[in-house]
Amino acid sequence: MGRVYNFSAGPAAIPLEVLEQAQREMLDWNGSGMSVMEMSHRGKDYMSIAEKADADLRALMAIPANYKVLFLQGGASAQFSMIPMNLLAGKKSADYINTGAWSKKAISEAKKFCAPKIAATTEADKFMRAPAAAELKLDADAAYVHYTPNETIGGVEFPYVPATGEIPLIADMSSTILSRPIDVSKFGLIYAGAQKNIGPAGMAVVIIREDLIGKAPEGTPTMLDYKTHAAEGSMYNTPPTYTWYIAGLVFAWLLKNGGIPAMGAINERKAKKLYAAIDGSGFYKNPVEVGSRSWMNVPFTLAKPELDETFLKEAKKAGLVTLKGHRSVGGMRASIYNALPEAGVDALISFMKDFAQRNG
Ligand code: PMP
């Protein structure tokens with residue numbers, strides 16, 4: 001079988017066991033005589049799949065009972081507007097922490113609904129670090145505080161959760177959800193596009209504290225109101241059924257493999273050895289401040305950028321693919337989400353060492 005190690009930032013690798021299970025169940029799910037794709041979302045079979053995914057995610061993240069889990073369309077990007085639409089609740093502003101490309105997108109969308117205040121920005125440092133807790137200037141009148149715990153493009157991750165007191169904390173966890181233990185009760189709302197640590201593209205998972213539901217002003221489109229989806233178990237209309245099903249298989253796979261604490265330990269180890277290989281090479285460089293380095297997305301450059309294409313070509317031959325950096329930064333980026341096995345990181349490190357020796 002020609003499976004490669006796929007370092008894509010998203011859509012990203014899916015655990016092999018999950019793909020194999022989906023393959024086994026493709027033509028006939030559990031004796032139903034049909035694939036999950038072909039099922040009515042309101043039928044008993046599909047309802048059991050959907051409910052198990054919800055329950056498993058709750059178990060994995062220890063989601064408190066006063067939070068709803070929503071499985072929504074529009075990806076993480078739709079949340080950039082749904083958040084201000086639903087959570088401003090008559091207030092004039094919200095706080096945003098600006099740490100790079102994805103926070104900027106959230107901020108520019110928020111501007112359509114309010115005057116967002118920048119609680120901190122690391123733009124002067126080219127977004128190469130997360131701001132320290134002491135740098136955050138929080139407005140006591142803000143409707144909420146929004147931040148991006150992991151910037152997928154910059155490879156910058158917060159080593160702490162900002163303390164916002166009574167003001168709801170909103171987190172775009174697209175590229176960090178399920179990668180390390182977090183205390184959900186510190187957040188008002190957590191959202192994530194599915195296509196990295198959750199499953200296939202086409203869905204966002206939203207975890208929302210119940211008191212934040214039902215605050216959208218009158219006139220809010222039905223599909224963009226959290227209340228609609230919370231009231232209908234994310235089945236107001238036809239949900240992305242197959243993506244939700246695969247997400248459920250991923251959640252079950254995580255539970256079977258020790259849950260988030262076990263995954264967090266592996267992720268920390270994977271990241272540490274990759275950064276150590278970069279720092280010790282004299283050939284590769286990662287520009288991010290050590291304390292803010294992402295466990296999930298590891299950008300790096302070569303001492304000789306003219307070798308980028310050769311690096312990518314040879315890596316591909318070695319079964320290591322999608323290492324090209326984001327078009328806005330160039331260089332390389334290795335995304336090492338839960339489904340990218342430690343052996344894949346080991347293989348990348350030994351390829352990088354060999355390449356540096358031959359070309360350094
Ligand atoms: N936020 C972050 C941190 C992301 O990495 C991405 C996608 N790369 C998005 C938002 C946008 O997600 P989507 O494509 O699901 O809209």
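Residues numbered from 1 in each chain as written. Predicted model: local features only at pLDDT ≥ 70, side-chain atom pairs only at ≥ 80, totals over all residues. Heavy atoms only, no water.

Draft legend 1. Main features of the overall build of the protein. The number of helices and strands found in the protein is nine helices and 14 strands. Radius of gyration (C-alpha) of the protein: 21 Å, near the 21 Å computed for a compact globule of 360 residues. Seen along its three principal axes, the alpha-carbon backbone of the protein occupies a region of about 65 × 55 × 30 Å. Relative to its 360 residues, the protein shows a buried fraction of 55%. Accessible surface, the protein: about 15600 Å² in total, of which carbon and sulfur atoms supply 55%. Distance between charge centroids for the protein: 4 Å, based on 39 positive and 36 negative side chains. (Helix = DSSP H or I, 4+ residues; strand = E, 2+ residues; numbered from the N terminus. Rg over C-alpha atoms; globule rule 2.2 N^0.38 Å. Buried < 20%, exposed > 50% of the residue type's maximum accessible area, 1.4 Å probe, protein only. Areas by Shrake-Rupley, 256 points an atom, 1.4 Å probe, with all protein chains shown as cover. Lys, Arg positive; Asp, Glu negative; His and termini not counted. Charge placed at Lys NZ, Arg CZ, Asp CG, Glu CD.)

Draft legend 2. Main features of the packing of helix α1 (residues 16-25) against helix α6 (residues 241-256). It is the contact of α1 with α6, at a shortest axis distance of 9 Å, that shows an interaxial angle of 130 degrees. Our classification of the angle between α1 and α6 gives oblique. Where α1 crosses over α6, the handedness of that crossing is right-handed. Here α1 contributes Glu17, Val18, Gln21, Ala22 and Glu25 to the contact with α6, which in turn contributes Tyr242, Tyr245, Ile246, Leu249, Val250, Trp253 and Lys256. Here the contact of α1 with α6 is built from residues that sort into eight nonpolar, one polar and three charged. (Axes fitted to C-alpha atoms, helices over the stretch in contact; angles between N-to-C directions. Parallel < 35°, antiparallel > 145°, perpendicular 65-115°, else oblique. Left-handed = near helix turned anticlockwise from the far one by under 90°. Contact = heavy atoms within 4.5 Å. Nonpolar A, V, L, I, M, F, W, Y, C, P; charged D, E, K, R; others polar.)

Draft legend 3. Expanded view of the packing of aromatic side chains. For the coordinates displayed, the defined rule picks out 16 aromatic pairs. When the centroid spacing of 6.5 Å and the interplanar angle of 40 degrees are considered together, the rings of Phe80 and Trp102 count as tilted. Pair noted here: Phe80 is in helix α3 (residues 75-87) and Trp102 is in helix α4 (residues 101-110), with a separation of 22 residues, a long-range link. With relative accessibility at 25%, the residue Trp102 sits in the partly exposed group. Ring geometry for Tyr96 against Tyr144: centres 5.8 Å apart, planes inclined by 70 degrees, an arrangement best described as edge-to-face. Here Tyr144 lies in the loop between β4 (117-121) and β5 (145-147) and Tyr96 lies in strand β3 (residues 95-98), a separation of 48 residues in the sequence. Members of the aromatic cluster, each reached through a chain of ring pairs, are Phe283, Tyr284, Phe300, Phe311, Phe351 and Phe355. (Phe/Tyr/Trp six-rings, centres within 6.5 Å; stacked < 30°, edge-to-face > 60°.)

Draft legend 4. Inspection of the site of the ligand at higher detail. The local shell around the ligand consists of Gly75, Ala76, Ser77, Phe80, Trp102, Asn150, Thr152, Asp172, Ser174, Gln195 and Lys196. Interatomic distance of 2.4 Å between a side-chain N/O atom of Thr152 and an oxygen atom of the ligand. The contact in question runs from an oxygen atom of the ligand to an N or O atom on the side chain of Gln195, over 3.0 Å. Compared with its free state, where it exposes 400 Å², the ligand has 84% of that area covered by protein. Top contributing element to the shell around the ligand by residue count: α3, with four residues. Here the residues of the shell around the ligand are counted per class, giving three nonpolar, six polar and two charged. (Near = heavy atom within 4 Å. Polar contact = N/O pair within 3.5 Å; in protein donor to acceptor, adjacent residues only side chain to side chain.)

Draft legend 5. Molecular detail of the sheet that holds β3. Taken together, seven strands build an open sheet; the order of strands is β2-β10-β9-β8-β5-β3-β4 and the sheet is mixed. The two strands at the open ends of the sheet, each matched to only one other strand, are β2 (67-72) and β4. Taken pair by pair, the neighbouring strands of this sheet meet at an average axis angle of 15 degrees, ignoring direction. Sheet topology note: the β3/β5 ladder contains two bridges and is parallel. When the bridges of β5 are listed, Tyr96 appears paired with His146. Where α3 meets the sheet, it contacts β2, β3, β5, β8 (169-172), β9 (189-193) and β10 (204-209), and its direction lies at approximately 155 degrees from that of β9. (Pairing = 2+ DSSP bridges.)

Draft legend 6. Inspection of the environment of Pro159 at higher detail. Inspection of the secondary structure puts Pro159 in the loop between β7 (156-157) and β8. For Pro159, the contacting residues outside a window of four places in its chain are Ala130 and Gly291.

Draft legend 7. Molecular detail of the side chain of His41. Relative to the assigned elements, His41 resides in the loop between α1 and α2 (44-61). Overall, His41 belongs to the buried group, its relative accessible area being 14%. Of note is the side chain of His41, whose polar atom sits 3.5 Å from the side chain of Arg42.

Draft legend 8. Geometry of the nonpolar core. Within the largest apolar cluster, 55 residues are counted, with the highest numbers of intra-cluster contacts made by Leu178 and Ile207. No other element matches the ten residues that α6 contributes to this core. Counting residues domain by domain, this core receives three or more from each of domain 1 (5-14 + 259-359) and domain 2 (16-256). Among residues more than four places away in sequence, those in contact with Leu178 are Leu57, Leu60, Met61, Asn197, Ile198, Phe251, Leu254, Ile260, Met263 and Asn338. (Core = buried A, V, L, I, M, F, W, Y, C linked by side-chain atoms within 4.5 Å. Domains from an automatic or database assignment.)

Draft legend 9. Expanded view of the domain arrangement of the protein. Domains assigned within the protein are domain 1 (5-14 + 259-359) and domain 2 (16-256). With 31 residues of domain 1 in contact, the opposing surface of domain 2 contributes 31 residues. Of the roughly 2400 Å² buried between domain 1 and domain 2, counting both surfaces, carbon and sulfur atoms make up 60%. Of all residues in domain 1, the largest losses of buried area upon contact with domain 2 belong to Ile14, Ile260 and Ser292, amounting jointly to 28% of the total for that side. Connecting domain 1 to domain 2 are zero salt bridges. If you look at where domain 1 meets domain 2, you find 15 residue pairs in polar contact (both at pLDDT 80 or more). (Buried area = accessible area lost by both parts, 1.4 Å probe. Salt bridge = Lys/Arg side-chain N within 4 Å of Asp/Glu carboxyl O.)

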